[in-house]
Amino acid sequence: DYYDTWGDSNERMQSLYLLGCVYRDRGDSPATLRYYNDAVHCADTTASDCDYEILAALYGQMSELYRKNNLAVYMKEMALKAVDASLKNCDTLNALSCAGDVAYAYNQMERNDSALIMARKRIQGYKKHNMLEHASYAILSSMHMNMMLGNKEALSDDVAYFDSIYQYGDSVPDKYDQYYCYKAMSYMHRHDIDSAEIYYNKALKYAPSNVSVAVMTYKGLRDIHRQRGNHTLADKYADMYCMANDSSCMEETKEIISRDHSLYNYNRAEKETNQ
């Protein structure tokens, strides 16, 4: 209230941004979005002292909010604006990070070609600015897109590039758990199922905690044992693959129900307040 009366455009924008963050932490998405939008409208982008750092943070937060609500079209729009604001703030690292959200949105929209192009641009950007220590997730994103598109050689090239930069050998950090699946797939494409099995087995320890890893790993092991004629093991991993797919769908359904419940509670509380 104070800054609405006395503050300049940057102060009003920041105060509304912080108020939106409070509602974000309370799980109130409609109120969060309302205050974030109010904050964006306070920005004076014609002024030389416009606070693009806060503006970039606002667009980034809105992008994340849309991501959580599976609104990929709006997520992409906000993420692109976050990239633009970050570049105007001369924050190349944040711009490249926000470009990752654009790639994610394209992936959710099943525009895998566009997602791959964005992942490639991020890798080139990190390379240009000598930030390869930050490029790991962009390379993993490129692996995922090449897998989805069936680009076998490109997937193998991404795996080799990742190995050449980070040189983790056969023990990558836990945060890169999907790497083992992609490396196994690259061996499968070369018909080296023995090596593929080694990396799928490495991925197995992450399967209980990461349903995406579980789906890829169980499917890969199923295919390996089918090729070898081990029908008992092939059936075992086929069942586990189906269960992992079901679990993935159930988790997504639970998130949707939870969001709808929160929105219902918000609308009911607002109605009671108005009455």
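Residues numbered from 1 in each chain as written. Predicted model: local features only at pLDDT ≥ 70, side-chain atom pairs only at ≥ 80, totals over all residues. Heavy atoms only, no water.

A. Structural detail: the overall build of the protein chain. Regarding its fold elements, the protein chain presents 13 helices and zero strands. From first element to last, N terminus to C terminus, the protein chain shows the α and β order α-α-α-α-α-α-α-α-α-α-α-α-α. Within the protein chain, buried positions represent 42% of all 275 residues. Residue pairs at least 24 apart in sequence account for 53% of intrachain contacts in the protein chain once pairs closer than 6 positions are excluded. (Helix = DSSP H or I, 4+ residues; strand = E, 2+ residues; numbered from the N terminus. Buried < 20%, exposed > 50% of the residue type's maximum accessible area, 1.4 Å probe, protein only. Contact = heavy atoms within 4.5 Å.)

B. Up close: the side chain of Lys-183. Residue position: Lys-183 is located in helix H10 (residues 179–189). Residues within four places of Lys-183 in sequence aside, it is in contact with Val-159, Asp-163 and Tyr-199.

C. Representation of helix H2 (residues 9–25) in the model. End to end, H2 covers 25 Å across 17 residues, agreeing with the expected 24 Å (1.5 Å per residue, within 8%). For H2, the set of buried residues is Ser-9, Asn-10, Met-13, Leu-16, Tyr-17, Gly-20, Cys-21 and Tyr-23. Seen from one end, H2 has its buried residues packed into an arc of 160°, which puts them on one side. For H2, the capping residue at the N-terminal end is Asp-8, with a side-chain oxygen 3.1 Å from the backbone nitrogen of Asn-10. Positive phi shows up at Gly-27, right after H2, with a value of about 80°. (Expected span 1.5 Å × (residues − 1). Arc of directions from axis to C-beta. Polar contact = N/O pair within 3.5 Å; in protein donor to acceptor, adjacent residues only side chain to side chain.)

D. Here's a closer look at the packing of helix H8 (residues 136–149) against helix H9 (residues 152–166). Relative orientation of the contacting elements H8 and H9 amounts to 165°, with a least axis distance of 8 Å. Relative to H9, H8 is oriented roughly antiparallel. Relative to H9, H8 is oriented so that their crossing is left-handed. Residues Ser-136, Ile-139, Leu-140, Ser-142, Met-143 and Asn-146 of H8 touch H9, and the partners they reach there are Ala-154, Leu-155, Asp-158, Val-159, Tyr-161, Phe-162, Ile-165 and Tyr-166. Of the residues belonging to the contact of H8 with H9, the class tally is ten nonpolar, three polar and one charged. (Axes fitted to C-alpha atoms, helices over the stretch in contact; angles between N-to-C directions. Parallel < 35°, antiparallel > 145°, perpendicular 65-115°, else oblique. Left-handed = near helix turned anticlockwise from the far one by under 90°. Nonpolar A, V, L, I, M, F, W, Y, C, P; charged D, E, K, R; others polar.)

E. Structural view of the nonpolar core. Residues Met-143, Phe-162, Tyr-179 and Tyr-182 are the most contacted members of the largest nonpolar core, which totals 40 residues. Elements supplying a minimum of two residues to this core: helix H7 (112–128), H8, H9, H10, helix H11 (193–203), helix H12 (211–228) and helix H13 (231–274). Here this core gets eight residues from one element, more than from any other, and that element is H10. Discounting chain neighbours no more than four positions away, the residues touching Tyr-179 are Leu-140, Met-143, Val-159, Phe-162, Asp-163, Gly-169 and Val-172. Counting 38 residues, the second-largest nonpolar core is a separate cluster that includes Tyr-23, Met-62, Tyr-66 and Val-83. (Core = buried A, V, L, I, M, F, W, Y, C linked by side-chain atoms within 4.5 Å.)

F. A look at H8. Look at H8: 20 Å from first C-alpha to last across 14 residues, which is about the 20 Å you get at 1.5 Å a residue. For H8, the set of buried residues is Ser-136, Ala-138, Ile-139, Leu-140, Ser-141, Ser-142, Met-143, Met-145 and Asn-146. Looking at the buried residues of H8, the elements they touch are helix H6 (92–108), H7, H9 and H10.

G. Main features of the packing of aromatic side chains. Scanning all chains against the criterion turns up 16 aromatic pairs. Taking the centre distance of 4.8 Å and the plane angle of 50° together, the rings of Phe-162 and Tyr-166 count as tilted. In this pair, Phe-162 and Tyr-166 are both assigned in helix H9, four residues apart and thus about one turn of the helix distant. Accessibility assignment for this pair places Phe-162 and Tyr-166 in one class, buried. Plain terms: the ring middles of Tyr-218 and Tyr-237 are 6.4 Å apart, the flat faces sit at 25° to each other, and that makes the pair stacked. Of this pair, Tyr-218 sits in helix H12 while Tyr-237 sits in helix H13, placing them 19 residues apart in sequence. (Phe/Tyr/Trp six-rings, centres within 6.5 Å; stacked < 30°, edge-to-face > 60°.)

H. Quick look at the packing of H8 against H10. Axis separation between H8 and H10 bottoms out at 11 Å; the angle between their running directions is 45°. Regarding the angle of H8 to H10, the classification is oblique. Crossing geometry of H8 relative to H10 is assigned as left-handed. Side by side, H8 and H10 meet where Leu-140, Met-143, His-144 and Met-147 of the first sit next to Tyr-179, Tyr-182 and Met-185 of the second. Classifying every residue of the contact of H8 with H10 by side-chain character gives six nonpolar, one polar and no charged.

I. Representation of the environment of Ala-82. Positionally, Ala-82 belongs in helix H5 (residues 72–88). Sequence spacing of Ala-82 and Tyr-52 is 30 residues, and the spatial spacing of their C-alpha atoms is 9.3 Å. Non-local contacts of Ala-82, meaning those with residues more than four positions away in its chain, are made with Ala-56, Tyr-59, Gly-60 and Cys-98.

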